[in-house]
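# A structural walkthrough
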Amino acid sequence: MSASIFILLLAICLLYGEQVAGDQEQEHQLVLPLLSDSSQLGDAQLMSPAESDNWMVENCLAVKMVAQMKLYPNNSNIVVTKNIPALAKVSPTSSCSYVNSTTTQFLNLEWSEADPSSGILSRNLSLYFYLNNTIPPMYTVSMITSMYQLSRDKVLGKMSPGQNTTDMASQSVSKFIRMTTATMNPLQLLVPKNRSFLCEESFTVEMMAELITTDGTPPVKLKKAMLKISSFQFDAFRPTSLPSLQFQPATSCSSPNDLVPIVVGCSLAGLVLFIVIGYLMGRRKPEVKGYATVVEQGEVE
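Presented here is an overview of the structure given in this document. (Residues numbered from 1 in each chain as written. Predicted model: local features only at pLDDT ≥ 70, side-chain atom pairs only at ≥ 80, totals over all residues. Heavy atoms only, no water.)

To continue, consider the overall build of the protein chain. Counting its secondary structure elements, the protein chain contains 2 helices and 14 strands. Classification of the 301 residues of the protein chain by burial places 38% in the buried group. Of the contacts made within the protein chain by residues no fewer than 6 positions apart, 66% connect residues no fewer than 24 positions apart. Of the roughly 17700 Å² of accessible surface on the protein chain, a fraction of 59% belongs to carbon and sulfur atoms. (Helix = DSSP H or I, 4+ residues; strand = E, 2+ residues; numbered from the N terminus. Buried < 20%, exposed > 50% of the residue type's maximum accessible area, 1.4 Å probe, protein only. Contact = heavy atoms within 4.5 Å. Areas by Shrake-Rupley, 256 points an atom, 1.4 Å probe, with all protein chains shown as cover.)

So this is what it looks like as structure tokens:
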């Protein structure tokens, strides 16, 4: 009877665990220490997945994503929201061995946009991938940075002694917003080597931001910028034999299955119950046996 109760309890726990895991999979939102609620980006819309594109670095690194930046050009509440264009180009500075390292790969996306007052302004977004040679080897996105050109103005150069303003040559002064996550610690989105990472859900990465000016003005700290990413797939440290347009088998960003801890907990509870019932039955048997012996002696007399 005790074994039957134990098996029944284990079966109930299994069914409950599967239900919990299913509910959590439906309600899952990617939550990481350096990531915040993507709803903070407001009502601005991301590009549709059909507008996303694949970017490749010498067949060693492939990335596909839909992304949007939210940044503050000054310390007011004015916010600028920009989509990362699917037509962004892979910069020649991208590398399969960043700074001659076999454990770091680097994708730098560049694009430009026209501004009515400043003309063509340049922007970029960089993703760094780090390979941790554990057993098995794992890799991840270790850092994200961005440079966003805010303006470019013509200003008069500094006047030398004896020089009048008509002789002064103008110079171009640009303002940039520099953004970075810094090196993520602990590492996020770990993926086994020879697999890609895939996440259709959206999540938001916070980046420290500062305003820098090419005329030597000291940097000004700004409110944190945010990068919202969805339909994200990356495949780094790829074998050279892999076709360029093919991603390796994907590891999903879905929440970890909580079925195992639930089953283990229920199993332990069932085991304790089994021991308690066995102990109580063990104590009862001598009492029954002693009573039976007394009865038998009375019958003999």
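Turning our eyes to something else, we now look at the state of the cysteines. Under the definition given, this model contains 2 disulfides. Across the disulfide from Cys199 sits Cys253; the S-S distance is 2.1 Å. Residues Cys199 and Cys253 are joined by a disulfide whose S-S torsion is about 65°; by sign, that bridge is right-handed. With Cys199 in strand 11 (residues 196–199) and Cys253 in the loop between strand 14 (250–252) and helix 2 (259–300), this pair connects stretches of sequence that are 54 residues apart. (Disulfide = S-S within 2.5 Å.)

Alignment of strand 6 (residues 104–115) against strand 7 (residues 119–132), held across 12 bridges, turns out to be antiparallel. Bridge assignment links Ser112 to a residue of strand 7, and that residue is Ser122. Counted along the chain from strand 6 to the antiparallel partner strand 7, the turn is 3 residues long. (Pairing = 2+ DSSP bridges.)

Mapped onto the elements, Thr145 comes out in strand 8 (residues 138–156). Residue Thr145 is classed as buried on the basis of its relative accessible area, which comes to 15%.

Judged by nonpolar contacts, the single largest core of 44 residues is most densely connected at Val63, Met65, Phe129, Ile144, Met179, Phe232 and Phe234. It is strand 13 (residues 220–236) that provides the largest number of residues to this core, a total of 7 residues. (Core = buried A, V, L, I, M, F, W, Y, C linked by side-chain atoms within 4.5 Å.)

A cis geometry characterises the amide bond from Ile135 onward to Pro136, with omega recorded as 0°. By the element assignment, Pro136 lies in the loop between strand 7 and strand 8. Omega for the peptide link from Asn185 to Pro186 comes to 5°, which places this bond in the cis form. Inspection of the secondary structure assignment puts Pro186 in the loop between strand 9 (170–180) and strand 10 (191–192). In this structure, Ala182 takes a positive phi of about 60° despite not being glycine. Considering the arrangement of structural elements, one finds Ala182 in the loop between strand 9 and strand 10.

Our next topic: the environment of Pro85. Following the sequence through the fold, Pro85 ends up in the loop between strand 4 (80–83) and strand 5 (89–90). What makes Pro85 partly exposed here is its relative accessible area of 22%. For the pair formed by Pro85 and Ala67, sequence separation is 18 residues and the distance between their alpha carbons is 8.2 Å.

A separate point is the side chain of Thr181. Mapped onto the fold, Thr181 is located in the loop between strand 9 and strand 10. With residues near it in sequence (within four places) discarded, Thr181 still touches Met143, Ile144, Val205, Glu206, Met207 and Met208.

Let's shift gears to the pattern of salt bridges. This structure, assessed with the given rule, holds 4 salt bridges. For Arg123, the salt bridge is made with Glu113, and the minimal N-O distance between the two is 2.1 Å. Taken together, the residues span a long stretch of sequence, with Arg123 in strand 7 and Glu113 in strand 6 at a distance of 10 residues. A salt bridge links Lys224 to Glu206; the nearest nitrogen and oxygen atoms lie 3.7 Å apart. Taken together, the positions of Lys224 in strand 13 and Glu206 in strand 12 (residues 203–213) put the pair 18 residues apart, joining distant regions of the chain. Overall, the relative accessible area of 29% leaves Glu206 in the partly exposed class. (Salt bridge = Lys/Arg side-chain N within 4 Å of Asp/Glu carboxyl O.)

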